[in-house]
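One letter stands for each residue in the lines below.
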Amino acid sequence: MIKNLKKSFLVQGIYRLSRNPLFGAPLRALVRLLRHDGANAAYWSRTNRRHNRAQRAVLARFEAETGKRP
Amino acid sequence: MTRRAPRILLLFSDDSTLIFAARMRALLQKADAPSEIVMGAYLPETALSDRQLRQFLPDGRYEILDKPALTEALMAGHYDAIVTSRVYGHLNTLLSKALNRQKAGRARVIAFLGGLDFFPHRGMRNRRNCDAVYLFPRSTCDRFRKTEVRPATQEVPAWPHVGFGHPAFLRPQKTPVATLPEKGDIYFFTQALSPSTARGRMHMLKVMAAIARRNPDRTVWIKLRHLPNENTRHLHRERHDYPSLAERFPDLPANVKLTACTMDQAMRNAALGVTCTSTAAIDLLREGVATIIHLDYLDRALDPLVAPMQRLFNDSNLIKPLDDLLNLRFSSPDTDWLSRMFCPPDLGADVLRVIEALNGSSDRRPPARRKQAKAHTQP
């Protein structure tokens, strides 16, 4: 299915556009932006940030007990 | 009268299906030494490297099947059964036609789940045209019977047959360890999709580095599923691979190492196995290795595999928070949960019994195998 999708007119058109000297660079930048982890709203949600903070704190506490180097 | 040894084709196309096929072959051979097992690579969906093929099929003995060859394998009476963990589109199309299903001499198709299936609904639908379907855990078998099995009529018995089990999910033979062995390494079994973000994966690397610093006498292995340049056509592609992340890690301890060894090699000196959503947890349990499942990594809210992993392993005693993971505190798996998830070790014999019953009950087999029979197939 993915193979067929890649061959589709729309996808091939987008690929050609991405190689265009004028529109190529901004289009590629947009795709990179959309593929970034932060493109998902949940990445920035308060619950996620609070969870991440708590996990980092547990790890930091453990590392402080151990010391950075063996 | 002596029973003719069954001829069975095991299909594979990528690392998951190849591991399944290798395990299934061992079980069938153990159950019935005279049976003839043929390994078959399905060419249109192949995604395997030289290394992987050498690792699992060092003798290089396998058939290569394109679509017409798969059609012939199914229809021409060369095989008693095709056993597969993936129902390829072409195979499903062939099996969806009544004309093909009812044809004398057709190989019976026994389909297993690909592995631990977090979203089994689609997998169940893909397997509904097969002759027998093996599922797990037991709740999935019950659901399949309710939703997909066609009830018996006067002419046709209920089908498909529903079995319980998977070659990677045999009831553990070894007693789980209660305390961490003094010797042995720690393995972190990675997964292509979890954690789903770069910082989630970097966090897991930091956790492994912290464990390594606290345990300098042990090596902490980051067990890779495959190397970054391998399996570029795999169903699950890894966006942030660990070797690249490890290169960016400023002070990775010397006893943190990356490996792409096989599961069996890893099991040999594993004192503890850690995973997020990898099915490696099952291999660890089967081998009696201490296991920790950790789902509290960074950005867990973005990972669609966390909820189903939590659901499947909820009563297992194996899911541990970060503090327990860092201090290597683990528990033995719950016995009731084990019996719902793992099948008896005679799975190979059970599959052979089902193949015999399916071929016998249909009474449609030709009297002798026609090796060069031309398959007339409804496309």
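Residues numbered from 1 in each chain as written. Chains lettered and ligands numbered in written order. Predicted model: local features only at pLDDT ≥ 70, side-chain atom pairs only at ≥ 80, totals over all residues.

A.B. asks: Which residues make up the overall build of chain B, and what are the values?
C.D. replies: Scanning chain B for helices and strands turns up 15 helices and 12 strands. A globule of 379 residues ought to have a C-alpha radius of gyration of about 21 Å, and chain B, at 22 Å, matches this closely. On the principal axes, the C-alpha backbone points of chain B span a range of 70 × 40 × 40 Å. A total of 379 residues make up chain B; the buried ones form 42% of that total. (Helix = DSSP H or I, 4+ residues; strand = E, 2+ residues; numbered from the N terminus. Rg over C-alpha atoms; globule rule 2.2 N^0.38 Å. Buried ≥ 20, exposed ≤ 12 C-beta atoms within 10 Å, placed from the backbone.)

A.B. asks: For the environment of Ile293 of chain B, give the residues involved together with the corresponding values.
C.D. replies: Residue and element names in this part refer to chain B. Summarising the element assignment, Ile293 is placed in strand E12 (residues 290-293). Residue class for Ile293 comes out buried when judged on the 24 C-beta atoms lying within 10 Å of it. A C-alpha to C-alpha distance of 9.4 Å links Ile293 and Gln310, two positions 17 residues apart in sequence. If we ignore the near neighbours within four places in the chain, the residues touching Ile293 are Thr275, Ala281, Phe313, Leu318, Ile319 and Lys320. (Contact = placed C-beta atoms within 7 Å.)

A.B. asks: I'd love a proper account of the sheet that holds strand E7 (residues 161-164) of chain B, names of residues and values included.
C.D. replies: All names here are of chain B. Strand order in the open sheet formed by 7 strands is E3-E2-E1-E4-E5-E6-E7, with parallel pairing between adjacent strands. Two strands in the sheet have a free side with no partner beyond their single neighbour: strand E3 (63-65) and E7. On average, each strand axis in the sheet is tilted by 25° relative to the strand beside it, whichever way the strands run. Sheet analysis places strand E1 (residues 7-12) next to strand E2 (residues 36-42), joined by 6 bridges and oriented parallel. Bridge assignment links Arg7 to a residue of E2, and that residue is Glu36. Packing against the sheet, helix H1 (residues 15-31) makes contact with E1, E2, strand E4 (81-84) and strand E5 (108-112), and its axis sits at approximately 160° to E1. Each of strand E6 (132-135) and E7 touches helix H7 (residues 138-147); the most contacted strand, E7, lies at about 175° to it. (Pairing = 2+ DSSP bridges. Axes fitted to C-alpha atoms, helices over the stretch in contact; angles between N-to-C directions.)

A.B. asks: Any details on the interface of chain B and chain A? Residues and values, ideally.
C.D. replies: Residue-level contacts link 19 residues of chain B with 17 residues of chain A. Looking at the side of chain B that touches chain A, the elements with two or more residues in it are helix H8 (198-214) and helix H13 (322-326) of chain B. The element that contributes the greatest number of residues to the side of chain B that touches chain A is H8 of chain B, accounting for 7 residues.

A.B. asks: Describe the domain arrangement of chain B, listing the residues and the values that go with them.
C.D. replies: Residue and element names in this part refer to chain B. Considered domain by domain, chain B is made up of domain 1 (7-170 + 343-362) and domain 2 (185-338). Taken over C-alpha atoms, the centre of domain 1 sits 30 Å from the centre of domain 2. The partner domain 2 presents 14 residues to the 12 residues of domain 1 that form the contact. In the side of domain 1 that touches domain 2, the residues fall into 7 nonpolar, 3 polar and 2 charged. (Domains from an automatic or database assignment. Nonpolar A, V, L, I, M, F, W, Y, C, P; charged D, E, K, R; others polar.)

A.B. asks: Hey, could you go over the nonpolar core for me, with residue numbers and the actual values?
C.D. replies: Residue and element names in this part refer to chain B. Grouped together as the largest cluster of nonpolar side chains are 99 residues, with contacts concentrated most on Ile82, Ile110, Phe188 and Met208. When residues are assigned to domains, this core turns out to be shared by domain 1 (7-170 + 343-362) and domain 2 (185-338), each giving three or more. Aside from chain neighbours lying at most four places away, what touches Ile82 is Leu9, Leu11, Ala73, Leu74, Ala107 and Val109. (Core = buried A, V, L, I, M, F, W, Y, C linked by C-beta atoms within 7 Å.)

A.B. asks: Which residues make up the sheet that holds E12 of chain B, and what values do they have?
C.D. replies: All names here are of chain B. Reading across from one edge, E10-E9-E8-E11-E12 is the order of the 5 strands in this open sheet, with parallel pairing throughout. Looking along the sheet, the strands with just one partner apiece sit at the ends: strand E10 (256-259) and E12. Pairwise comparison of adjacent strand axes, ignoring direction, gives a mean angle of 25° for this sheet. Strand contacts of H8: strand E8 (185-189), strand E9 (220-223) and E10, with the helix running at about 155° to E9, the strand carrying the most contacts.

A.B. asks: Report on the environment of Pro172 of chain B, specifying residues and quantitative values.
C.D. replies: Residues and elements named next belong to chain B. Turning to its location among the elements, Pro172 is positioned in the loop between E7 and E8. With 18 C-beta atoms packed within 10 Å, Pro172 lands in the partly exposed category. Taking the C-alpha atoms as reference, Pro172 lies 8.5 Å from Pro345; in sequence the two are 173 residues apart. Each residue touching Pro172, except ones within four places of it in the same chain, is listed here: Leu285, Arg286, Gly288, Leu338 and Phe342.

A.B. asks: Now, about the confidence of the model for chain B: what can you tell me, with residues and values included?
C.D. replies: Residue and element names in this part refer to chain B. Looking at chain B as a whole, the pLDDT averages 88, with 91% of positions reaching at least 70. Per-element confidence in chain B is highest for E4, whose mean pLDDT is 98, and lowest for helix H10 (residues 263-268), whose mean pLDDT is 87. Here residues 363-375 is modelled with pLDDT under 50, and outside its nearest four sequence neighbours on either side it reaches 15 contacts, counting other chains as well. (pLDDT = per-residue confidence, 0-100.)

A.B. asks: Lay out helix H12 (residues 306-313) of chain B with the relevant residues and their values.
C.D. replies: Residues and elements named next belong to chain B. Among the residues of H12, Val306, Met309, Leu312 and Phe313 are the ones counted as buried. Seen along its axis, H12 keeps its buried residues to an arc of 130°; they face one direction. With respect to the buried face of H12, the exposed residues turned more than 90 degrees away are Ala307 and Arg311. Those residues of H12 that are buried lie in contact with E12. (Arc of directions from axis to C-beta.)

A.B. asks: Give me unusual backbone geometry: which residues, what numbers.
C.D. replies: Residue and element names in this part refer to chain B. In this structure, the amide linkage connecting Trp159 to the following residue, Pro160, adopts the cis form with an omega of -5°. Mapped onto the elements, Pro160 comes out in the loop between H7 and E7. A cis amide bond links Ser194 to the next residue, Pro195, at an omega of -15°. Note on placement: Pro195 falls in the loop between E8 and H8. The backbone phi angle of Asp299 is positive, close to 60°, even though this residue is not glycine. Residue position: Asp299 is located in the loop between E12 and H12. Within the chain, Leu328 stands out as a residue other than glycine whose phi angle is a positive 55°. In this structure, Leu328 sits in the loop between H13 and helix H14 (335-341). In this structure Leu328 comes out as partly exposed when scored by C-beta crowding, with 18 C-beta atoms within 10 Å.

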